[in-house]
Amino acid sequence: AQRVTQPEKLLSVFKGAPVELKCNYSYSGSPELFWYVQYSRQRLQLLLRHISRESIKGFTADLNKGETSFHLKKPFAQEEDSAMYYCAPLMYNNNDMRFGAGTRLTVKP
Amino acid sequence: GAVVSQHPSRVICKSGTSVKIECRSLDFQATTMFWYRQFPKKSLMLMATSNEGSKATYEQGVEKDKFLINHASLTLSTLTVTSAHPEDSSFYICSARRTGSPPTEAFFGQGTRLTVV
């Protein structure tokens, strides 16, 4: 069965500290991986996708096919990074997009 | 960026009545729209995937007759909660993906807060 796991429900770091939000997936096939973010009282929005290999707001994510992981990282967290983060694999062939349980990141001053 | 609009953003209805939620892609054509339900402090639960012009694909455990989905055009999908009960109270979110190749990421609506009294 297709499964995406975000093991940490809550993650709290101090401003300026590095942060890593974990995501592991179990899919038959090769999904495309996305990270979505939901700031307080806002709709979900795309943060980044692995295929573009870009850094958005200082965040990067590396797809590790061997470990089937797509962890999100930022070397120096900022208070405005506090939000809910969702990992989402997308299988194009069956048009399936599901989300991990989400990780609530809190960056303390 | 692409815009997806949901209407209404909030609705209160009486138990036993039906409620329709609209999801529109305002500036692009969407072959596929997804409907999610979000419980308080929980993740998004995929309810169904709707493809324009065909029947929706429902996730296991989601009642097709209770949650009617129609995707009659490339810019509009509707979710109708039929004979609503208090346990249907929730936050419903839609998302849409552009038509074309390669498929793009999904863009999200602002969500609809349904309260059944």
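Before reading on, note that the structure itself is shown above.
This is a predicted model, so every value here is computed, not measured.

Conventions and cut-offs
Residues numbered from 1 in each chain as written. Chains lettered and ligands numbered in written order. Predicted model: local features only at pLDDT ≥ 70, side-chain atom pairs only at ≥ 80, totals over all residues. Heavy atoms only, no water. Helix = DSSP H or I, 4+ residues; strand = E, 2+ residues; numbered from the N terminus. Buried < 20%, exposed > 50% of the residue type's maximum accessible area, 1.4 Å probe, protein only. Polar contact = N/O pair within 3.5 Å; in protein donor to acceptor, adjacent residues only side chain to side chain. Disulfide = S-S within 2.5 Å. Contact = heavy atoms within 4.5 Å. Phe/Tyr/Trp six-rings, centres within 6.5 Å; stacked < 30°, edge-to-face > 60°. Lys NZ or Arg CZ within 6 Å of the ring centre and 35° of its normal. Salt bridge = Lys/Arg side-chain N within 4 Å of Asp/Glu carboxyl O.

**Description of the side chain of K66 of chain B**
All names here are of chain B.
Logical step 1: When you line up the elements, K66 lands in the loop between β6 (57–58) and β7 (67–73).
Logical step 2: For K66, a relative accessible area of 10% gives the class buried.
Logical step 3: Here T82 takes part through its backbone oxygen, which lies 2.9 Å from a polar atom of the side chain of K66.

**Comments concerning the state of the cysteines**
Logical step 1: If you walk through the whole model with that rule in mind, you get 2 disulfides over all chains.
Logical step 2: One disulfide in the model links C23 of chain A with C87 of chain A; its S-S distance is 2.0 Å. Residues C23 of chain A and C87 of chain A share a disulfide whose torsion about the S-S bond is about -60 degrees; that sign makes it left-handed. In this pair, C23 of chain A sits in the loop between β3 (19–21) and β4 (24–26) while C87 of chain A sits in strand β9 (residues 83–91), placing the two residues 64 residues apart along the sequence. For the pair C23 of chain A and C87 of chain A, a shared accessibility class is recorded, and that class is buried.
Logical step 3: Each sulfur in the disulfide pair C23 of chain B and C94 of chain B lies 2.0 Å from the other. Between C23 of chain B and C94 of chain B, the S-S dihedral sits near 80 degrees, and the bridge is therefore right-handed. On the criterion of sequence distance, the pair formed by C23 of chain B in strand β3 (residues 19–25) and C94 of chain B in strand β9 (residues 90–98) is long-range, its members being 71 residues apart.
Logical step 4: Given the relative accessible area of 0%, C94 of chain B is considered buried.
Logical step 5: No disulfide involves C13 of chain B; its sulfur sits 18 Å from the nearest other cysteine sulfur, which is in C94 of chain B.

**A word on the side chain of T78 of chain B**
Logical step 1: Following the sequence through the fold, T78 of chain B ends up in strand β8 (residues 76–81).
Logical step 2: Dropping the residues within four chain positions of it, T78 of chain B is found in contact with K20, I21, E22, W35, L68, I69 and N70 of chain B.

**Overview of the packing of aromatic side chains**
Logical step 1: Taken as a whole and assessed by the stated rule, the structure comprises 12 aromatic pairs over all chains.
Logical step 2: Measuring from ring centre to ring centre gives 5.7 Å for F99 of chain A and F108 of chain B, while their planes differ by 70 degrees; the resulting arrangement is edge-to-face. Pair noted here: F99 of chain A is in the loop between β10 (96–97) and β11 (103–108) and F108 of chain B is in strand β10 (residues 106–108), and the two residues belong to different chains. In terms of burial, F99 of chain A and F108 of chain B fall into one category: buried.
Logical step 3: Taken together, a centroid distance of 6.2 Å and an interplanar angle of 35 degrees make the contact between F34 of chain B and Y36 of chain B tilted. Neither residue differs from the other here; F34 of chain B and Y36 of chain B are each classed as buried.
Logical step 4: Of note, K108 of chain A hangs over the ring of F14 of chain A, and the distance from its end group to the ring centre comes to 4.5 Å.

**A look at the pattern of salt bridges**
A side chain of one charge can pair with a side chain of the opposite charge when the charged atoms of the two come close.
Residue and element names in this part refer to chain A.
Logical step 1: A complete count under the given rule lists 8 salt bridges over all chains for this structure.
Logical step 2: Of the charged contacts in the structure, one is a salt bridge between K22 and E20, with a shortest N-O distance of 3.2 Å.
Logical step 3: Residue K22 is classed as partly exposed on the basis of its relative accessible area of 29%.
Logical step 4: A residue is classified by how much of its surface remains accessible, and E20, at 28% relative accessible area, is partly exposed.
Logical step 5: The partner of K74 in a salt bridge is D81, with the nearest N and O atoms 2.8 Å apart.
Logical step 6: Owing to a relative accessible area of 3%, D81 belongs among the buried residues under this scheme.
Logical step 7: A cluster of three or more residues bridged by salt bridges with shared partners is formed by E8, E20, K22 and K73.

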